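One-letter residues, chain by chain:
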Amino acid sequence: MAMSATPATLNVLLSFPSPNQRRLHLGTSNQSSSFLRTHLVNTKSFSRTTMTVAVNASRFENITMAPPDPILGVSEAFKADTHEMKLNLGVGAYRTEDLQPYVLNVVKKAENLMLERGDNKEYLPIEGLAAFNKVTAELLFGTDNQIILQKKKRKSVIDVCVFCSLKVATIQGLSGTGSLRLAAALIERYFPGAKVLISSPTWGNHKNIFNDARVQWSEYRYYDPNTVGLDFNGMIADIKAAPDGSFILLHGCAHNPTGIDPTPEQWEIIADVIQEKNHIPFFDVAYQGFASGSLDTDASSVRLFAARGMELLVAQSYSKNLGLYAERIGAINVVCSTADAATRVKSQLKRLARPMYSNPPVHGARIVANVVGNPELFSEWKDEMEMMAGRIKSVRQKLYSSLCTKEKTGKDWSFILKQIGMFSFTGLNKAQSDNMTNKWHVYMTKDGRISLAGLSSAKCEYLADAIIDSYHNVS
Ligand code: LMR
């Protein structure tokens, strides 16, 4: 007797008490019968619990296939391509001139120190490594910033630090994404109904983060396709139009994906408007030191807001500037008007973190603490960061020159030189970006972003050919 493998079939089979009776009922004629025979007859225990293992209809039938991630999915597609000229300009990860991943020398040195010391692998506190939290806030705000200075109070004749007047709640996060996600959870819990304003366009993961945290968001204008520059008036108008007390997500430096940053004067105006509207600035700082080559220059936007005494949030990442992509090391800092508020905010951040991931990983935190806390390694790090930022600047320049040489219609490519950081926003649309990948094996995100950190001087000409072809021959 032929049978198909359905739950109904199984119910019938389960009513037969012995393996032999089941064998007779199944017969020998088709594949599904054979599947059931294998799973039912060879089963040692024939209790009902054991038999249900053989059900081949999944409980997860209604789960649809997720699309590949628009950024990290590009790397998977790149790996599958065997073309010799293939180029991965999708993910923002630094490569050497030979297009190999780069582990910084200071990172290796810090790891050696950790090995020599024989550091253990005990759990960190929920807020992370204290030495890391201290240096990360110092790096961001500047060591002499009043908001992170700890004041001593005299308890008795003996000078005792009984109360630290830190106005910043800093906790270690799982790099930029994890830190943003924690802040999003804080917003969801303590600012119900508040809106986050996000630049248009923005980094591909920002919307996912706020969607998953169930925080409402809308966009403010940022990119002007006509000038391939900043739509400053649009940005200001949209920030003004947002409900009072909204969170305004700002890229501290090297805006991702456009590479277009406001000028210092424009930052002042942005701060004016945010203050007028009682909004809360929320910075994403993923490239400190990596954009300009200077840690201080790249933190100037955040410091300008902090110097005005504003309350603000800042997510930090060490993926790019220390090349610690896989260590997932970063932080969320919440600057409050009072030390008391900062203490309470910190306690709630810990409360949110505990059920999400319990406590953060230690390895990356120790590397950062060792590099930033050691004057010799710190100075070596700055040199290496300048070297990386310098290589990116030089391929940017070479790509621009190659485009100018190959351009026959007079199109102006100078916007590429005005952008900063590891990305260039080419202005290519989705069809043109598809052509870059399908015809030229150049992997990039579909919004027209290319990571110059994944480009070598040797491949600038090839890339320029691909861009010129895609721009002029694909509509
Ligand atoms: C990028 O924008 O490419 C990086 O920030 C990597 C990522 O996580 O998306």
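Residues numbered from 1 in each chain as written. Predicted model: local features only at pLDDT ≥ 70, side-chain atom pairs only at ≥ 80, totals over all residues. Heavy atoms only, no water.

An unreviewed UniProt entry lists the chain under the name Aspartate aminotransferase, with Oldenlandia corymbosa var. corymbosa given as the organism. Here the chain is described in UniProt, under the heading Catalytic activity (unreviewed entry), as follows: "L-aspartate + 2-oxoglutarate = oxaloacetate + L-glutamate". Listed under Sequence similarities (unreviewed entry) in UniProt, the entry text for the chain is "Belongs to the class-I pyridoxal-phosphate-dependent aminotransferase family." (UniProt positions renumbered as here; feature names shortened; annotations may be inferred.)

(A) Up close: the overall build of the chain. Looking only at helices and strands, the chain features 19 helices and 15 strands. Counting across all 475 residues of the chain, residues that qualify as buried make up 52%. Partitioning the contacts of the chain with sequence separation of at least 6, the portion at a separation of at least 24 is 72%. (Helix = DSSP H or I, 4+ residues; strand = E, 2+ residues; numbered from the N terminus. Buried < 20%, exposed > 50% of the residue type's maximum accessible area, 1.4 Å probe, protein only. Contact = heavy atoms within 4.5 Å.)

(B) How the structure looks around helix α11 (residues 264-276). Under the 1.5 Å per step criterion, the end-to-end length of α11 is 19 Å for 13 residues, consistent within 8% with the ideal 18 Å. Taken together, the buried positions of α11 are occupied by Gln266, Trp267, Ile270, Ala271, Val273 and Ile274. The buried residues of α11 occupy an angular sector of 165° when the element is viewed end-on, so they sit on one face. Away from its buried face by more than 90 degrees, α11 exposes Pro264, Glu265 and Glu276. Where the residues of α11 are buried, they touch β8 (229-230), α10 (232-241), β9 (247-251), β10 (280-285) and α13 (300-307). Where α11 ends, the next residue or the one after it, Asn278, has phi of about 60°, a positive value. (Expected span 1.5 Å × (residues − 1). Arc of directions from axis to C-beta.)

(C) Here's a closer look at the confidence of the model for the chain. Per-residue confidence for the chain gives a mean pLDDT of 88, with 85% of residues at or over 70. Here residues 157-164 scores under 50 on pLDDT; set against residues more than four positions off or in separate chains, the count is 15 contacts. (pLDDT = per-residue confidence, 0-100.)

(D) Seen up close, the site of the ligand. Taken together, the neighbourhood of the ligand is formed by Ile71, Val91, Gly92, Trp203, Asn256, Lys320, Phe423 and Arg449. A distance of 3.1 Å separates an oxygen atom of the ligand from a polar side-chain atom of Asn256. One of the side-chain nitrogen or oxygen atoms of Lys320 is found 3.1 Å away from an oxygen atom of the ligand. Starting from 260 Å² of accessible surface for the ligand in isolation, the protein chains cover 83%. Here the residues of the shell around the ligand sort into four nonpolar, two polar and two charged. Counting the residues that make up the shell around the ligand, at least three belong to each of domain 2 (72-102 + 387-473) and domain 3 (125-373). (Near = heavy atom within 4 Å. Polar contact = N/O pair within 3.5 Å; in protein donor to acceptor, adjacent residues only side chain to side chain. Areas by Shrake-Rupley, 256 points an atom, 1.4 Å probe, with all protein chains shown as cover. Nonpolar A, V, L, I, M, F, W, Y, C, P; charged D, E, K, R; others polar. Domains from an automatic or database assignment.)

(E) Here's a closer look at the nonpolar core. Grouped together as the largest cluster of nonpolar side chains are 100 residues, with contacts concentrated most on Phe141, Leu250, Ile270, Phe305, Leu322 and Trp381. No other element matches the 10 residues that helix α16 (residues 375-406) contributes to this core. Two domains each donate at least three residues to this core, and these are domain 2 (72-102 + 387-473) and domain 3 (125-373). The residues touching Phe141, leaving out its near neighbours within four places in the chain, are Ile147, Ile148, Val168, Val302, Arg303, Ala306, Val314, Asn333 and Val335. (Core = buried A, V, L, I, M, F, W, Y, C linked by side-chain atoms within 4.5 Å.)

(F) Just the pairing of strand β5 (residues 195-200), in detail. With six bridges connecting them, β5 and strand β6 (residues 216-221) associate as parallel partners. Bridge assignment links Leu197 to a residue of β6, and that residue is Ser218. The parallel pair β5 and β6, bridged by helix α9 (residues 206-212), forms a crossover whose chirality is right-handed. With two bridges joining them, β5 and β9 adopt parallel strand pairing. If you follow Val196 over to β9, its bridge partner there is Phe247. (Pairing = 2+ DSSP bridges. Right-handed = clockwise from strand over helix to strand, strands pointing away.)

(G) Focus on the packing of aromatic side chains. A full pass over the atoms with the stated rule returns 16 aromatic pairs. Measuring from centroid to centroid gives 6.2 Å for Phe210 and Phe282, while their planes differ by 90°, and the two rings are edge-to-face. Pair noted here: Phe210 is in helix α9 and Phe282 is in strand β10, with a separation of 72 residues, a long-range link. Side by side, Phe210 and Phe282 carry an identical accessibility label, which is buried. Taking 5.0 Å as the distance between ring centres and 85° as the angle between the ring planes, the aromatic pair formed by Phe283 and Phe305 counts as edge-to-face. Here Phe305 lies in helix α13 and Phe283 lies in strand β10, a separation of 22 residues in the sequence. Across the pair, exposure class does not vary: Phe283 and Phe305 are buried alike. One aromatic cluster in this structure is built from Tyr94, Tyr102 and Phe290. Of note, Lys411 hangs over the ring of Trp413, and the distance from its end group to the ring centre comes to 4.7 Å. Positioned above the aromatic ring of Phe423 is the side chain of Arg449, whose terminal nitrogen or guanidinium carbon lies 3.7 Å from the ring centre. (Phe/Tyr/Trp six-rings, centres within 6.5 Å; stacked < 30°, edge-to-face > 60°. Lys NZ or Arg CZ within 6 Å of the ring centre and 35° of its normal.)

(H) Quick peek at the packing of helix α15 (residues 363-372) against α16. Interhelical geometry of α15 versus α16 gives an angle of 100° and a closest axis separation of 6 Å. Put simply, α15 runs roughly perpendicular to α16. Packed against α15, whose contacting residues are Asn370, Val371 and Val372, the element α16 presents Leu377, Phe378 and Trp381 at the interface. Of the residues belonging to the contact of α15 with α16, the class tally is five nonpolar, one polar and no charged. (Axes fitted to C-alpha atoms, helices over the stretch in contact; angles between N-to-C directions. Parallel < 35°, antiparallel > 145°, perpendicular 65-115°, else oblique.)

(I) Looking closely at the sheet that holds strand β11 (residues 312-317). Spatially, seven strands are ordered β4-β12-β11-β10-β9-β5-β6 in an open sheet, and the strand pairing comes out mixed. Unpaired on one side and paired on the other, β4 (168-174) and β6 mark the two borders of the sheet. The mean angle between the axes of side-by-side strands here comes to 25°, regardless of whether they run parallel or antiparallel. Each of β5, β6 and β9 is contacted by α10, which is oriented at about 145° to β6, the strand it contacts most. Taken strand by strand, helix α14 (residues 339-357) contacts β4 and β12 (329-335), and its axis lies near 15° from that of β4.

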